[in-house]
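Breakdown of the fold
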Amino acid sequence: MRSIAEALASMLPAFSPLGEEEVHLTESAGRYLSREVRARFDSPPFDNSAMDGYAVRATDVASATKDTPVRLPVRGESRAGGALPGHLEPGATCRIFTGAPMPAGADAIVIQEDTDRDGDEVAIRESSPEGRHVRAQGSDVSSGALLLRAGARLWPGEIGLLASQNIDRVHVFRRPKVAILSTGDELRQLGDELEPGMIINSNVYVLTEMLREVGAIPVDLPAARDTLTEIEAALRTALEADVVITTGGVSVGEYDFVNEAFENVGIEPMFWKVRIKPGKPASFAKYQGKPVIGVPGNPISAMVAFEVLIAPCLRKMLGDPQPHPQPVVARLRDSYHRRPGRVEIARAVATREGDEIVVALHRLQGSGSLPSFVGVNALVILPADRAELVAGEKVEAILWGPGLKGPISLFDRMS
Ligand code: AMP
Ligand code: MG
């Protein structure tokens with residue numbers, strides 16, 4: 001049986017980015033750039049004032065102090081978005097506001113707080129060296145400079161940078177369409193009448209949201225019944241997507257036909273079973289290079305297999321150069337006894353205590369219990385070879401779902 005690392009090593013090469021598309025900046029949040037982006041122009045685009053005050057020549061105010069202010073005539077004003085100021089003659093000043101263009105000839109700003117205005121004149125009480133409070137043209141970004149590398153994800157800050165450069169369209173990697181094919185005679189859709197023995201196909205709703213969160217496009221297919229012919233037909237439809245995920249039917253039961261159906265349809269098996277708990281019967285296969293992943297039907301197994309095995313692969317496909325989750329170090333609240341052999345991904349509630357994150361494992365770790373996921377904000381990774389974990393020991397955890405939260409503002413703890 002494969003380790004998680006071996007499973008990922010076999011899966012990841014099948015998940016290459018799908019090519020690029022051009023999208024409007026307002027549609028680009030969360031996407032990964034497929035090309036680097038360079039600056040179209042200097043930023044700031046013109047020398048401007050960082051403060052409200054007076055634009056001067058530094059040499060004109062070099063001797064200014066509280067006791068010996070320098071009096072200068074005020075020649076015009078420059079405000080953000082206003083008419084461009086004229087040339088500033090020596091021995092004069094120009095009223096200026098934050099963001100406004102510097103008049104040609106001026107090289108420093110004296111802040112308003114260091115001045116006394118008196119009609120057409122102003123008394124300057126502080127000197128201001130050349131460049132003080134001036135945001136020089138190109139000081140943030142010079143025209144042609146690299147703004148963002150290929151593979152960068154677009155967060156609000158990156159979007160702001162591109163917007164400031166008047167870049168309204170960007171090239172991003174295509175989002176894969178991921179078909180979700182649930183299998184099981186017992187499955188009914190949300191809102192259906194539930195006859196005895198039937199259950200709602202909750203996996204499809206969970207996986208749809210997990211796919212959306214990763215950034216892929218979910219394609220929900222009607223659940224297939226547990227027959228080879230029905231699963232095979234559904235797989236042929238599913239294979240129109242870029243990636244196929246099946247749920248259920250990958251175990252060893254008499255009605256677990258998924259792996260057999262893969263082969264009948266020409267989907268080449270790559271592996272079956274991973275040393276992970278829950279999620280062991282996960283399988284991976286390829287159809288003409290297209291990845292097909294089978295996850296168990298148990299809701300918790302499906303979620304864990306998605307998070308640990310599928311999500312990193314999809315992030316890679318979406319163009320993420322660092323697709324792997326980055327665990328945090330946490331302390332176990334309670335001791336935990338377990339059967340060694342597989343890496344266990346345990347549901348937990350993480351809280352911050354002092355400088356540390358403490359994780360309390362959920363009482364229920366069964367693979368079918370959906371209530372055991374409520375409030376979970378950490379998936380604790382318990383090493384395969386450990387049977388006894390002791391309260392207080394350090395473990396690794398992937399922050400999950402809602403992440404760390406607390407009732408008290410971080411700032412309340414600071415003076
Ligand atoms: P299987 O992997 O098909 O052996 O299913 C394992 C368990 O998960 C069984 O109890 C199924 O009823 C349940 N199950 C299978 N598919 C789903 C699904 N799509 N949604 C919710 N539960 C499921
Ligand atoms: Mg089944």
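Residues numbered from 1 in each chain as written. Chains lettered and ligands numbered in written order. Predicted model: local features only at pLDDT ≥ 70, side-chain atom pairs only at ≥ 80, totals over all residues. Heavy atoms only, no water.

**As for the overall build of the chain**
Broken down by element type, the chain carries six helices and 28 strands. The C-alpha atoms of the chain give a radius of gyration of 31 Å, which is well past the 22 Å a tight globule of 415 residues would have. The 415 residues of the chain split such that 44% are buried. Contacts in the chain between residues at least 24 apart in sequence constitute 70% of all its contacts with a sequence separation of at least 6. Total accessible area on the chain is roughly 20600 Å²; 51% of this is exposed by carbon and sulfur atoms. Of note, the chain has its 45 positive side-chain charges centred 3 Å away from the centre of its 55 negative side-chain charges. (Helix = DSSP H or I, 4+ residues; strand = E, 2+ residues; numbered from the N terminus. Rg over C-alpha atoms; globule rule 2.2 N^0.38 Å. Buried < 20%, exposed > 50% of the residue type's maximum accessible area, 1.4 Å probe, protein only. Contact = heavy atoms within 4.5 Å. Areas by Shrake-Rupley, 256 points an atom, 1.4 Å probe, with all protein chains shown as cover. Lys, Arg positive; Asp, Glu negative; His and termini not counted. Charge placed at Lys NZ, Arg CZ, Asp CG, Glu CD.)

**Quick look at helix H4 (residues 228-238)**
An α-helical turn contains 3.6 residues, so any two residues separated by three or four positions project in the same direction. Taken together, the buried positions of H4 are occupied by Ile-231, Glu-232, Ala-234, Leu-235 and Ala-238. Seen along its axis, H4 keeps its buried residues to an arc of 165 degrees; they face one direction. The inward-facing, buried residues of H4 contact strand E13 (177-182), strand E17 (243-247) and helix H5 (258-265). (Arc of directions from axis to C-beta.)

**Looking at the domain arrangement of the chain**
The accessible area lost on association of the parts is a frequent measure of interface size. Domains assigned within the chain are domain 1 (4-16 + 175-317), domain 2 (21-40 + 144-173), domain 3 (48-135) and domain 4 (328-413). Measuring from the centre of the C-alpha atoms in domain 1 to the corresponding centre in domain 2 gives 33 Å. (Domains from an automatic or database assignment.)

**Observations regarding the site of ligand 1**
Around ligand 1 sit 15 residues in total, of which Glu-186, Asn-201, Asn-203, Gly-249 and Gly-297 are the nearest. The contact in question runs from a nitrogen atom of ligand 1 to an N or O atom on the side chain of Asn-201, over 2.7 Å. A distance of 3.3 Å separates a nitrogen atom of ligand 1 from a polar backbone atom of Ser-202. Here ligand 1, which alone exposes 480 Å², has 75% of that area covered by the protein. Elements with a minimum of two residues in the shell around ligand 1: strand E15 (199-200) and helix H3 (202-214). Along the lines of polarity and charge, the residues of the shell around ligand 1 split into five nonpolar, eight polar and two charged. (Near = heavy atom within 4 Å. Polar contact = N/O pair within 3.5 Å; in protein donor to acceptor, adjacent residues only side chain to side chain. Nonpolar A, V, L, I, M, F, W, Y, C, P; charged D, E, K, R; others polar.)

**A word on the side chain of Asn-377**
With respect to the helices, strands and loops of the structure, Asn-377 is situated in the loop between strand E25 (356-361) and strand E26 (378-382). At a separation of 2.6 Å, a polar atom in the side chain of Asn-377 contacts the main-chain amide nitrogen of Ala-350. Apart from residues lying up to four places away in sequence, Asn-377 is in contact with Ala-348, Val-349, Ala-350, Ile-398, Leu-399, Trp-400, Pro-402, Gly-403 and Leu-404.

**Let's talk about the packing of aromatic side chains**
Under the counting rule described, the total for this entry stands at three aromatic pairs. Consider the rings of Phe-271 and Phe-284, whose centres lie 5.7 Å apart with planes at 45 degrees: the pair is tilted. Here the residue Phe-271 occupies a position in strand E18 (residues 268-272), and Phe-284 occupies one in strand E20 (residues 283-287), the gap between them amounting to 13 residues. Each residue in the set Phe-15, Phe-271 and Phe-284 is aromatic and connected to the rest through ring pairs, giving one cluster. Residue placement shows Arg-153 over the ring face of Trp-155; its charged tip is 5.1 Å from the ring centre. Against the face of Trp-272 rests Lys-273, its NZ or CZ located 4.5 Å from the ring centre. (Phe/Tyr/Trp six-rings, centres within 6.5 Å; stacked < 30°, edge-to-face > 60°. Lys NZ or Arg CZ within 6 Å of the ring centre and 35° of its normal.)

**A short note on the layout of surface pockets**
Estimated volume of the largest pocket: approximately 600 Å³. As for the largest pocket, its lining consists of 22 residues, and the residues nearest its centre are Arg-153, Glu-213, Val-214, Glu-307 and Arg-315. Put simply, the parts of the chain that give the lining of the largest pocket at least two residues each are H3, helix H6 (299-317) and strand E28 (394-399). Among the elements that line the lining of the largest pocket, the one with the most residues is H3, at five residues. In this structure, the second largest pocket encloses a volume near 410 Å³. (1 Å grid on protein atoms, 1.4 Å probe; cavity = no way out; pocket = protein on both sides within 12 Å on 5 of 7 lines; lining within 4 Å. Points joined across faces, edges and corners; volume = space filled by probe spheres on them.)

**Quick look at the packing of H4 against H5**
At a closest axis distance of 9 Å, the pairing of H4 and H5 adopts a crossing angle of 60 degrees. Our classification of the angle between H4 and H5 gives oblique. For the element pair H4 and H5, the recorded crossing hand is right-handed. Counted together, Leu-228, Ile-231, Glu-232, Leu-235 and Arg-236 of H4 and Val-258, Glu-260, Ala-261, Phe-262, Asn-264 and Val-265 of H5 form the full contact between these two elements. (Axes fitted to C-alpha atoms, helices over the stretch in contact; angles between N-to-C directions. Parallel < 35°, antiparallel > 145°, perpendicular 65-115°, else oblique. Left-handed = near helix turned anticlockwise from the far one by under 90°.)

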